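Architecture at a glance
Listed below are the residues making up each chain.
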Amino acid sequence: MSDNAPVATGTPVPYDAVVLAGGAARRLGGADKPGLRVGGRALIDRVLAACAGAGTTVVVADRRSTARPVRWTREEPPGAGPVAALAAGLRLTTAEHTVVLSADLPFLQPATLRRLLTVLRETGADGALLTDADGRDQPLVAAYRTAALRRELAALAAGPDGLTGLPLRRLTGALSLTRVPDPLASFDCDTWDDLVNARARIREHGHVLDEWISAVKNELGIELDVDTGALLDLARDAAHGVARPAAPLTTFLVGYAAAQGSGGPEAVAEAARKAAALALRWEEENNGGGKENSGGPSAPDAG
């Protein structure tokens, strides 16, 4: 089977992840491609954030510092190619489904992986992979049935040359695949021009704020999801109702107050609500020119 899949929904599918990060990056002059930064974050960390829902995440490469813990392994011999690397990573997985990813995908999101896994479950195929803007298969942005991968890897390993140097198409060509078009999530950084384009894209108006917040959370090691719109409204109210410097100071104090409490999104929302109400009271006083409400106490007669 080799067809295009519709958008699918459903309950989350448990999975493990194998990330191949040990390539030679020849088109980048041998640069450390997984460590190149887009939006202030290493490419490998962006990929690891996308597959944070995996039960086990295996990175096939030499050990390096990453934003979250993973398991490490290497193909034998090192540099034996993507099929050998995948086989090495798969030995450390146990889930029925495995997401296989390259380490150079700046725009990959958890929702993309959920879609691939749901399509895989609902179609009954051996794998579900993305296709790029030109309609080309991207087997390193894909979800597979683990048993199907192991079956075909075993068949290839039994050949005269084993797995060393085999292209991925030798593996995927034996699988029944469903294709999911997604030009953005399948975009990878193979060249310096790709890297420049990726960096430019995240600074577009529709992306920059989300990218910045993700980068800050990654840098600070926090997972908290909050109502960004509410915090922006608070900053606006503080700037207009009090003074412009009040905006960043108020949002800082809201975060500090939330941390002193339960520390969750609800605590942030409650602290933001209180601060916003206070800012509006300040603005009302300013608009009133300092006059008291008519219902307030009156001054004594002068006579």
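Structure: above.
Residues numbered from 1 in each chain as written. Predicted model: local features only at pLDDT ≥ 70, side-chain atom pairs only at ≥ 80, totals over all residues. Heavy atoms only, no water.

With that out of the way, let us pick up the overall build of the protein. For the protein, the helix and strand inventory stands at 10 helices and 10 strands. For the protein, whose C-alpha radius of gyration is 26 Å, the value lies well above the compact-globule estimate of 19 Å for 303 residues. Residue burial in the protein is summarised as follows: out of 303 residues, 44% are buried. A separation of at least 24 residues holds for 67% of the contacts in the protein among residues at least 6 apart in sequence. Here the protein carries 32 positive and 37 negative side-chain charges, and the mean point of each set is 5 Å from the other. (Helix = DSSP H or I, 4+ residues; strand = E, 2+ residues; numbered from the N terminus. Rg over C-alpha atoms; globule rule 2.2 N^0.38 Å. Buried < 20%, exposed > 50% of the residue type's maximum accessible area, 1.4 Å probe, protein only. Contact = heavy atoms within 4.5 Å. Lys, Arg positive; Asp, Glu negative; His and termini not counted. Charge placed at Lys NZ, Arg CZ, Asp CG, Glu CD.)

If you check which residues of helix α6 (residues 192-201) are buried, you get D194, L195 and A198. When α6 is viewed along its axis, its buried side chains cluster within an angular range of 100° and face the same direction. Those residues of α6 that are exposed and angled more than 90 degrees off the buried face are D193 and V196. Looking at the buried side of α6, the elements it contacts are β3 (37-38). (Arc of directions from axis to C-beta.)

Turning our attention to a nonpolar patch on the surface. Taken together, the side chains of V208, L209, W212 and L232 present a nonpolar region at the surface, about 390 Å² in accessible area. Overall, the relative accessible area of 58% leaves W212 in the exposed class. (Patch = residues over 30% accessible without salt bridge, like charges linked within 9 Å, V, L, I, M, F, W, Y side chains within 5 Å. Areas by Shrake-Rupley, 256 points an atom, 1.4 Å probe, with all protein chains shown as cover. Salt bridge = Lys/Arg side-chain N within 4 Å of Asp/Glu carboxyl O.)

A few words on the nonpolar core. Y15, V19, C51, V59, L101, L108 and L113 are the most contacted members of the largest nonpolar core, which totals 32 residues. When contributions to this core are tallied by element, the ones reaching two or more residues are β2 (16-20), α1 (43-50), β7 (97-102), α3 (110-123), β8 (127-131) and β9 (137-145). No other element matches the five residues that α3 contributes to this core. Ignoring any residue separated from it by four or fewer positions in sequence, one finds V59 in contact with V19, A21, I44, L48, V70, R71, W72 and T73. (Core = buried A, V, L, I, M, F, W, Y, C linked by side-chain atoms within 4.5 Å.)

The next point concerns the packing of helix α8 (residues 228-241) against helix α9 (residues 246-260). In contact at an axis separation of 8 Å, α8 and α9 are set at 135° when each is read in the N-to-C sense. Taken together, the axis directions place α8 and α9 in an arrangement best described as oblique. Crossing geometry of α8 relative to α9 is assigned as right-handed. Each of L231, L234, A235, A238 and A239 in α8 lies in contact with α9, whose residues at this interface are A246, A247, T250, T251 and V254. By residue class, the composition of the contact of α8 with α9 is eight nonpolar, two polar and no charged. (Axes fitted to C-alpha atoms, helices over the stretch in contact; angles between N-to-C directions. Parallel < 35°, antiparallel > 145°, perpendicular 65-115°, else oblique. Left-handed = near helix turned anticlockwise from the far one by under 90°. Nonpolar A, V, L, I, M, F, W, Y, C, P; charged D, E, K, R; others polar.)

Turning next to the side chain of D182. When you line up the elements, D182 lands in the loop between β10 (177-181) and α6. The side chain of D182 sits in the buried core without any salt bridge; R115 is the nearest counter-charge, 4.9 Å away. Excluding residues within four positions of it along the chain, D182 makes contact with T112, L130 and T131.

Estimates place the volume of the largest pocket at around 1,600 Å³. What lines the largest pocket is a set of 42 residues, among which D210, I213, S214, K217 and L224 lie closest to the centre. Looking at the lining of the largest pocket, the elements with two or more residues in it are α1, α3, α7 (208-220), α8 and α9. Looking at the lining of the largest pocket, the element that brings in the most residues is α7, giving 10 residues. Residues that form the lining of the largest pocket fall into these classes: 23 nonpolar, 10 polar and nine charged. Of the pockets and cavities examined, the second largest pocket occupies roughly 1,300 Å³. (1 Å grid on protein atoms, 1.4 Å probe; cavity = no way out; pocket = protein on both sides within 12 Å on 5 of 7 lines; lining within 4 Å. Points joined across faces, edges and corners; volume = space filled by probe spheres on them.)

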